[in-house]
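Coordinates in review
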Amino acid sequence: DQQEISNVVWAFAKLAVRNPRLLASISTSSVPHKNFNAQGLSNLAWSCAAILFRNEPLLQVIAEQALLRLETFNEQNLANSAWAFAKLQMYDVPLISAISAAALSKMSEFFPQALANMAWSMANFMVKDMQMLRAISCKSIDIMSQFNQQNMSNMLWAVATLAYFDDPLLDAIAATAVDKIAQFPVQELVNSSWAVARLNYTHRPFQ
């Protein structure tokens, strides 16, 4: 059934296993189903993106079903779905617009990873939705102490890519990052440095 299909793909994604024949078979089995729930849909989308499996018929079914059930999506379902479609460069305008609207209404429930994923998704789609960016910024500032290095790096990359200049957000990231800078992986340091340079940000902790 739909839950088993979602679980199998999720398991393969977590194990970083990409079996084209099996994935094709799963896609064929998934497309006729019309009763995935919110968790199943977001897990299926996330799993496809995690192993870079871009099957447009399957993604179209996920988008259509997600639109019908979006009111049941929690903040993680929303963020994971946005991230997955962005990762696979599948810009479904109705779905992404609906996810943004739903995310705004649930922004108080968002946690660091979900915030970073939403911002990263918008940047990948080059969608500069000022209302969404302001909401993400406000919530991120409130809980910045909970952000890890990847969350901060992805947030910086996203706002820099969109040329979204928000000094309070950048100040909050800088103040938090300075205490964790020794633990930043190389890629996160590279991305953060690029973002700071692109935004011409000169706050002392980052100098």
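Residues numbered from 1 in each chain as written. Predicted model: local features only at pLDDT ≥ 70, side-chain atom pairs only at ≥ 80, totals over all residues. Heavy atoms only, no water.

The next thing to look at is the pattern of salt bridges. Going through the model one piece at a time under the given rule, you end up with one salt bridge. Arginine 54 serves as the salt-bridge partner of glutamate 56, at 2.5 Å between the closest nitrogen and oxygen. Using a relative accessible area of 42% as the deciding quantity, one classes glutamate 56 as partly exposed. Overall, the relative accessible area of 39% leaves arginine 54 in the partly exposed class. (Salt bridge = Lys/Arg side-chain N within 4 Å of Asp/Glu carboxyl O. Buried < 20%, exposed > 50% of the residue type's maximum accessible area, 1.4 Å probe, protein only.)

Turning next to the nonpolar core. Most often, soluble globular proteins keep nonpolar side chains buried together rather than apart. If you look at the biggest cluster of nonpolar residues, it comprises 67 residues, and the most contacted ones within it are Ile62, Phe85, Phe110, Leu115, Met118, Ile136 and Met155. Setting aside anything within four residues of it in sequence, one finds phenylalanine 85 in contact with Ala45, Leu59, Ile62, Ala63, Met90, Leu95, Ile96 and Phe125. (Core = buried A, V, L, I, M, F, W, Y, C linked by side-chain atoms within 4.5 Å. Contact = heavy atoms within 4.5 Å.)

The tally for this structure, following the rule as stated, stands at four aromatic pairs. Measuring from centroid to centroid gives 6.2 Å for tryptophan 83 and tryptophan 120, while their planes differ by 35 degrees, and the two rings are tilted. Taken together, the positions of tryptophan 83 in helix H5 (residues 75-87) and tryptophan 120 in helix H7 (residues 112-125) put the pair 37 residues apart, joining distant regions of the chain. Of the residues examined, tryptophan 83 reaches a relative accessible area of 16% and is grouped as buried. Tryptophan 120 sits in the buried class, given a relative accessible area of 16%. (Phe/Tyr/Trp six-rings, centres within 6.5 Å; stacked < 30°, edge-to-face > 60°. Helix = DSSP H or I, 4+ residues; strand = E, 2+ residues; numbered from the N terminus.)

Another point: the side chain of glutamate 188. Here glutamate 188 shows up in helix H11 (residues 186-198). One buried charged side chain, glutamate 188, makes no salt bridge at all; its nearest oppositely charged neighbour is lysine 87, positioned 11 Å away. Once residues lying within four places of it in the same chain are set aside, the contact partners of glutamate 188 are Gln149, Gln150 and Ser153. (Lys, Arg positive; Asp, Glu negative; His and termini not counted.)

Here the focus is empty space enclosed by the protein. If a probe as big as a water molecule is rolled over the atoms, it shows which places are left empty. Summed over all chains, the structure comprises one cavity of 30 Å³ or more. Taken as a whole, the largest cavity spans an internal volume of roughly 70 Å³. Together, Ala82, Ile96, Ile99, Ser100, Met118, Ser121, Met122, Phe125 and Val127 line the largest cavity. Secondary-structure elements contributing two or more residues to the lining of the largest cavity are helix H6 (93-105) and H7. (1 Å grid on protein atoms, 1.4 Å probe; cavity = no way out; pocket = protein on both sides within 12 Å on 5 of 7 lines; lining within 4 Å. Points joined across faces, edges and corners; volume = space filled by probe spheres on them.)

It is the contact of H5 with H6, at a shortest axis distance of 10 Å, that shows an interaxial angle of 150 degrees. The angle between H5 and H6 places the two elements in the roughly antiparallel class. The hand of the H5/H6 crossing is left-handed. On H6, the residues touching Leu78, Ser81, Ala82 and Phe85 of H5 are Leu95, Ile96, Ile99, Ala102 and Ala103. Its residues placed into classes, the contact of H5 with H6 shows eight nonpolar, one polar and no charged. (Axes fitted to C-alpha atoms, helices over the stretch in contact; angles between N-to-C directions. Parallel < 35°, antiparallel > 145°, perpendicular 65-115°, else oblique. Left-handed = near helix turned anticlockwise from the far one by under 90°. Nonpolar A, V, L, I, M, F, W, Y, C, P; charged D, E, K, R; others polar.)

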